[in-house]
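Breakdown of the fold
Listed here are the chains, written in short residue letters.
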Amino acid sequence: MELGLVGLGKMGGNMRERIRRAGHTVIGYDRNADVADVHSLEELVGKLSAPRVVWVMVPAGEPTQSTVDQLAELLEPGDVVVDGGNSRWTDDEKHAEQLAARGIGFVDCGVSGGVWGLENGYALMYGGDAENVAKVQPVFDALKPEGDFGSVHAGKVGAGHVAKMVHNGIEYAMMQAYAEGWELLEKVDSVENVREVFRSWQEGTVIRSWLLDLAVNALDDDEHLDGLRGYAQDSGEGRWTVEAAIDNAVPLPAITASLFARFASRQEDSPQMKMIAALRNQFGGHAVEKK
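Described in the following lines is the structure provided in the data block. (Residues numbered from 1 in each chain as written. Predicted model: local features only at pLDDT ≥ 70, side-chain atom pairs only at ≥ 80, totals over all residues. Heavy atoms only, no water.)

**Thoughts on the environment of V157**
Structurally, V157 can be placed in the loop between β7 (151–155) and α7 (159–187). The spacing of V157 and F198 is 41 residues in sequence and 40 Å in space, taken between C-alpha atoms. Excluding anything up to four places from it in sequence, V157 contacts D92, E93, A96, F106, D108, G127 and G128. (Helix = DSSP H or I, 4+ residues; strand = E, 2+ residues; numbered from the N terminus. Contact = heavy atoms within 4.5 Å.)

**Overview of the packing of helix α10 (residues 237–247) against helix α11 (residues 253–265)**
At their nearest, the axes of α10 and α11 sit 10 Å apart, and the two run at 140 degrees to each other. By the angle class used here, α10 and α11 are oblique. As for the relative orientation of α10 and α11, their crossing is left-handed in sense. On the side of α10, the interface is formed by G238, R239, T241 and V242, while α11 contributes I255, T256, L259 and F263. In terms of residue class, the contact of α10 with α11 is made up of 4 nonpolar, 3 polar and 1 charged. (Axes fitted to C-alpha atoms, helices over the stretch in contact; angles between N-to-C directions. Parallel < 35°, antiparallel > 145°, perpendicular 65-115°, else oblique. Left-handed = near helix turned anticlockwise from the far one by under 90°. Nonpolar A, V, L, I, M, F, W, Y, C, P; charged D, E, K, R; others polar.)

**Considering a nonpolar patch on the surface**
Together, V115, W116 and W210 give the surface a local cluster of nonpolar side chains, amounting to about 340 Å² of exposed area. Take V115: it is sitting in the loop between β5 (105–112) and α5 (117–120). Classification of V115 as exposed rests on a relative accessible area of 57%. (Patch = residues over 30% accessible without salt bridge, like charges linked within 9 Å, V, L, I, M, F, W, Y side chains within 5 Å. Areas by Shrake-Rupley, 256 points an atom, 1.4 Å probe, with all protein chains shown as cover. Salt bridge = Lys/Arg side-chain N within 4 Å of Asp/Glu carboxyl O. Buried < 20%, exposed > 50% of the residue type's maximum accessible area, 1.4 Å probe, protein only.)

**Comments concerning the side chain of T67**
Within the element layout of this structure, T67 appears in helix α3 (residues 62–74). Those residues in contact with T67 that sit more than four places away from it in its chain are V6, L41, V56 and V58.

**Some points on helix α1 (residues 10–21)**
The end-to-end C-alpha separation of α1 is 17 Å, in line with the 16 Å expected for 12 residues at 1.5 Å each. Among the residues of α1, G12, G13, M15, R16, R18 and I19 are the ones counted as buried. Where α1 is buried, its residues meet β1 (2–6), β2 (25–29), β3 (53–56), β5, α5 and α6 (130–143). Of the residues flanking the end of α1, it is G23, one or two places downstream, whose phi is positive at about 95 degrees. (Expected span 1.5 Å × (residues − 1).)

Below is the structure:
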């Protein structure tokens with residue numbers, strides 16, 4: 001089949017190549033002309049045969065909204081737009097309604113796989129009407145990993161991005177657990193080879209995972225991570241997961257704590273700990289450290 005792909009960054013560029021390897025035609029557009037096949041959305045749409053499928057892989061928020069706005073003007077009834085970026089599920093509902101008014105279908109798709117997806121395949125979680133999903137199915141089949149798993153029609157519009165959001169929230173908590181365990185092992189004098197302890201967990205333990213494999217890779221590159229600062233950004237989906245938990249009265253202590261740990265990593269000198277030090281000094285005369 002033919003596919004228009006908007007956004008050819010780290011994910012989009014590799015996705016284009018994997019889809020092409022499966023025998024499909026992909027016409028890609030990106031603001032970076034060096035990687036683009038066409039030079040405008042108008043040209044992209046003009047090169048596709050109806051019914052068209054256009055997959056959007058641009059940052060969430062205004063970039064995605066702007067792209068959807070333009071495609072709404074360029075596409076025709078029966079065409080389908082797929083949002084494969086990390087959009088918030090509430091935006092999906094708005095985009096589906098906006099496009100439906102013009103007879104254009106909409107599918108949201110959470111995509112996981114990162115820089116490894118080209119060779120290993122991408123885990124796909126998508127939402128939308130069965131009719132629209134069917135028009136995209138050959139591309140889903142091309143992108144997914146080999147085997148029976150790695151792809152799911154999660155439900156109606158928004159379900160794909162909700163599933164990806166929760167996936168990323170779980171990822172936050174898992175990474176935090178590995179990080180805490182690694183730090184404790186590094187502190188205990190009797191443990192002389194933390195990296196090899198982590199490596200030993202890769203087989204036969206209940207905590208083995210791809211994230212553990214990646215942790216071992218990182219420790220092979222820099223055994224004590226001396227070359228890194230303890231500073232971690234967040235992509236936004238962890239925040240959305242916590243907000244959704246509040247909206248639905250679902251307790252998420254591990255995921256929430258892992259998100260807050262990232263906030264703490266960005267503070268050179270914790271304001272909260274200043275207050276705690278001051279209070280301990282006030283009520284108990286405990287020593288404080290002056291700047």
